[in-house]
2 protein chains.
Amino acid sequence: MPKKNVLIIGAGGVAHVVAHKAAQWAAEFGDLHIANRTRSKADAIVQTLRDKGHDMPFASHALDAMNPDEVEALIRKVDAGIVINVGTAFINMTVLEGCIRAGAAYIDTAIHEDPAKICETPPWYGNYEWKRREDVERAGITAILGAGFDPGVVNAYARLAEDEYFDRIDGIDIVDINAGSHGRYFATNFDPEINFREFTGTVYSWQGGEWRENRMFEVGREWDLPVVGKQKAYLSGHDEVHSLSVRYKDADVRFWMGFGDHYINVFTVLQNLGLLSEQPVRTAEGQEVVPLKVVKAVLPDPASLAPDYTGKTCIGDLVKGSLDGKAGEVFLYNVADHREAFEDVGSQGISYTAGVPPVAAAILVARGTWDVRKMANVEDLPARPFLELLGDMGLPTRAIDADGDHPI
Amino acid sequence: MPKKNVLIIGAGGVAHVVAHKAAQWAAEFGDLHIANRTRSKADAIVQTLRDKGHDMPFASHALDAMNPDEVEALIRKVDAGIVINVGTAFINMTVLEGCIRAGAAYIDTAIHEDPAKICETPPWYGNYEWKRREDVERAGITAILGAGFDPGVVNAYARLAEDEYFDRIDGIDIVDINAGSHGRYFATNFDPEINFREFTGTVYSWQGGEWRENRMFEVGREWDLPVVGKQKAYLSGHDEVHSLSVRYKDADVRFWMGFGDHYINVFTVLQNLGLLSEQPVRTAEGQEVVPLKVVKAVLPDPASLAPDYTGKTCIGDLVKGSLDGKAGEVFLYNVADHREAFEDVGSQGISYTAGVPPVAAAILVARGTWDVRKMANVEDLPARPFLELLGDMGLPTRAIDADGDHPI
């Protein structure tokens, strides 16, 4: 059987990791294509691939991914069997439509968002993606939603706990800590426009069988984690809380994001002054300006942080449940190192943890293991093949359970 | 002798106070004129005068005060005997030139600044104003520099200590505390563009007979002051340190500005992120924007703070010296109340303390007491008539000395 060609859509920090990881695992795929609205950014990624000595066939393309006709035409033109969508949050539905029409597998890493809304409210996957489930199944394509780290690997952790630890799951606490240091006064690890949007709205969690609402930074808890030690994390909203709450509806499902006091202070000042607003203000000179775009302009480019980034991330699931009526818990986690990520693919650890998993998903689709010909979130798919492959690809999973701290 | 007509240049918060106080003391003057680049702002002040029931003759004028020909022409047209310049810091030299040519007295409240520079460095008065001393004397006009509160009244406090307390002055510590509350998350009391410029450069003080340099917020000291109590203030640069260091060259002359921890935190975040920069940045969309102008646009208009402003200011000089070889010290000070200022002229206390003194100076020029027909800083002029008049006008002076805390 011929190898499937892969089309990567997007050319930001995560797309860079996806391209490099796909190139490292070139034996699994046919040709590699990178498409972006601004083609020069895709060209820049291709150049870094060549600089690293990769010699599989690459091509770059200009693509308006908001237009499903263009997406369909490009998939057909390059004969892509797998599309990895790591562009903006606004293009999921048009890219998925293109895949349905052209018969390609679809993989993304975050929920669709409407550019006109500041924050999407639950049920997140229910707002857009899951409405296309029947169309995906009818087309006979595989569509894997949320296949980054969180969502993505953390969903697989929950499924592994279901498969190998418990017959009943009572709680899933996802904890995401970046204990790394970029050496700057302040920076965001992703595009500030996306990064801050996560924190400016209401925080949703699934507790006691229903959605609970809190304000950002209202509920904090100190966690004592492997390698990174004691770290404070705050209840935050995140895509996977929705899909996990559907599969594990009797469990409390919460997402905890780590923030240092300095980050919270800077964020709070900017937020309270109105500088994170997406609504334009008018200067005394009459110029219309969106404050958030100015904040973005003065902050460091997230990609520029990579060479100096040191320290580690720890992301994991504390899963509580019971087996044969006996209560227990397991912490399934990965520790990633910023410097190792940079040496491997030229990116910092945050982009690395987000960009390697969709390539693992693509390999499993290519191999057939995950080519399920329907729409699936990661917890709907076998977890162990995914996690073992990720171990080979640079993101090993460990477990802390009754037997101590060990590889899975 | 006919009363002198007064021309106020500027139409900001301080100009508002100047206009109202001049109207309250209308018997001292002839007609009142207000000129501003945007005439509608001058009209708005005239309207508030009429709303308060003042019925002296007022007129407003459009004026480009950067053009000395226009300044001269307007002075001649309205037959102004006294010009009170409370416009931007960039117009001092052109307004002074207009006064020299047209033979009018000149009064200002702050040093001239070059719009192309971020911060002027010492010797401040020596950079621009004092270069025109001979021209002023030759023209036979009176030019009083820095006749606000600080500089201005605090210079008179130093002179009063010289006249009535000591034959040798060893130290002048000027302390400016605003213990008021505007009830907003954050606001500046003056135009943010001017306000922040004061703190973004090097801090200069006169100690041990020479200029010392520090960073802003590097040197702080807690002061225990009348009415406002214990307050932290930081060594800051200020115009009057220069002129006082020339008259009292053997004394240490320092200026201390009070800042709460919250103010410093917000300032520090904005400063470190680059959001106080006057250099344009380019957004991802290609728009050229000056960050400081966006910060200004999101902050409350300083004038809007007045109705809700509560609490008091305390500004004074701790003067150390000796008389007949016997060491001593005196603290000369004023306490002003934000709410009383609002009831008197519709402004908050910061604008009030800055705007009343130049009107007192104008009255003394009109009466002849200060009509010295040369260029003078306030410490060069008799202090007691100025301070006693200010007491009648709403800014009484008190002294803490060996006899306790009492009016001067």
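The structure contained in this document is the topic of the report that follows.

Criteria and cut-off values
Residues numbered from 1 in each chain as written. Chains lettered and ligands numbered in written order. Predicted model: local features only at pLDDT ≥ 70, side-chain atom pairs only at ≥ 80, totals over all residues. Heavy atoms only, no water. Helix = DSSP H or I, 4+ residues; strand = E, 2+ residues; numbered from the N terminus. Rg over C-alpha atoms; globule rule 2.2 N^0.38 Å. Buried < 20%, exposed > 50% of the residue type's maximum accessible area, 1.4 Å probe, protein only. Contact = heavy atoms within 4.5 Å. Areas by Shrake-Rupley, 256 points an atom, 1.4 Å probe, with all protein chains shown as cover. Buried area = accessible area lost by both parts, 1.4 Å probe. Salt bridge = Lys/Arg side-chain N within 4 Å of Asp/Glu carboxyl O. Polar contact = N/O pair within 3.5 Å; in protein donor to acceptor, adjacent residues only side chain to side chain. Least-squares fit on C-alpha atoms with pLDDT ≥ 70 in both. Pairing = 2+ DSSP bridges. Axes fitted to C-alpha atoms, helices over the stretch in contact; angles between N-to-C directions.

## Some points on the overall build of chain A
Argument step 1. Within chain A, the regular secondary structure consists of 14 helices and 19 strands.
Argument step 2. Radius of gyration (C-alpha) of chain A: 20 Å, near the 22 Å computed for a compact globule of 408 residues.
Argument step 3. Taken over the C-alpha atoms alone, chain A extends approximately 65 × 55 × 40 Å along its principal axes.
Argument step 4. Relative to its 408 residues, chain A shows a buried fraction of 57%.
Argument step 5. Restricting the contact set of chain A to residue pairs at least 6 apart, pairs at least 24 apart contribute 72%.
Argument step 6. For chain A, the computed accessible surface area is about 16000 Å², with 47% contributed by carbon and sulfur atoms.

## Considering the interface of chain B and chain A
Argument step 1. Tallying the contact residues gives 28 residues for chain B and 28 residues for chain A.
Argument step 2. With both sides pooled, the region where chain B packs onto chain A buries about 2200 Å², and carbon together with sulfur makes up 72% of that total.
Argument step 3. Glu285(B) serves as the salt-bridge partner of Lys293(A), at 3.0 Å between the closest nitrogen and oxygen.
Argument step 4. Along the contact surface separating chain B from chain A lie five residue pairs in polar contact (both at pLDDT 80 or more).
Argument step 5. Listed by contribution, the elements that provide at least two residues to the side of chain B that touches chain A are helix 10 (261–273), strand 13 (281–282), strand 14 (288–289) and helix 11 (291–298) of chain B.

## Side note on the relation of the copies chain B and chain A
Argument step 1. Of the transformation placing chain B onto chain A, the axial shift is 0.1 Å and the rotation is 179°, giving an RMSD of 0.1 Å. On this basis, the relationship between the two copies can be described by a two-fold rotation axis.
Argument step 2. Interface residue correspondence from chain B to chain A reaches 100%, placing this contact among same-surface, isologous pairings.

## Brief notes about the sheet that holds strand 5 (residues 105–108) of chain A
All names here are of chain A.
Argument step 1. As summarised here, the arrangement of the seven strands in space is 3-2-1-4-5-6-17, forming an open sheet in which the pairing is parallel. The open sheet has two free edges, formed respectively by strand 3 (58–62) and strand 17 (375–377), since each of these has just one partner strand. Across the sheet, the mean angle from the axis of one strand to that of its neighbour is 20°, orientation sign disregarded.
Argument step 2. Sheet analysis places strand 1 (residues 5–9) next to strand 2 (residues 32–36), joined by four bridges and oriented parallel. Across the sheet, the residue bridging to Leu 7 is His 33, located in strand 2.

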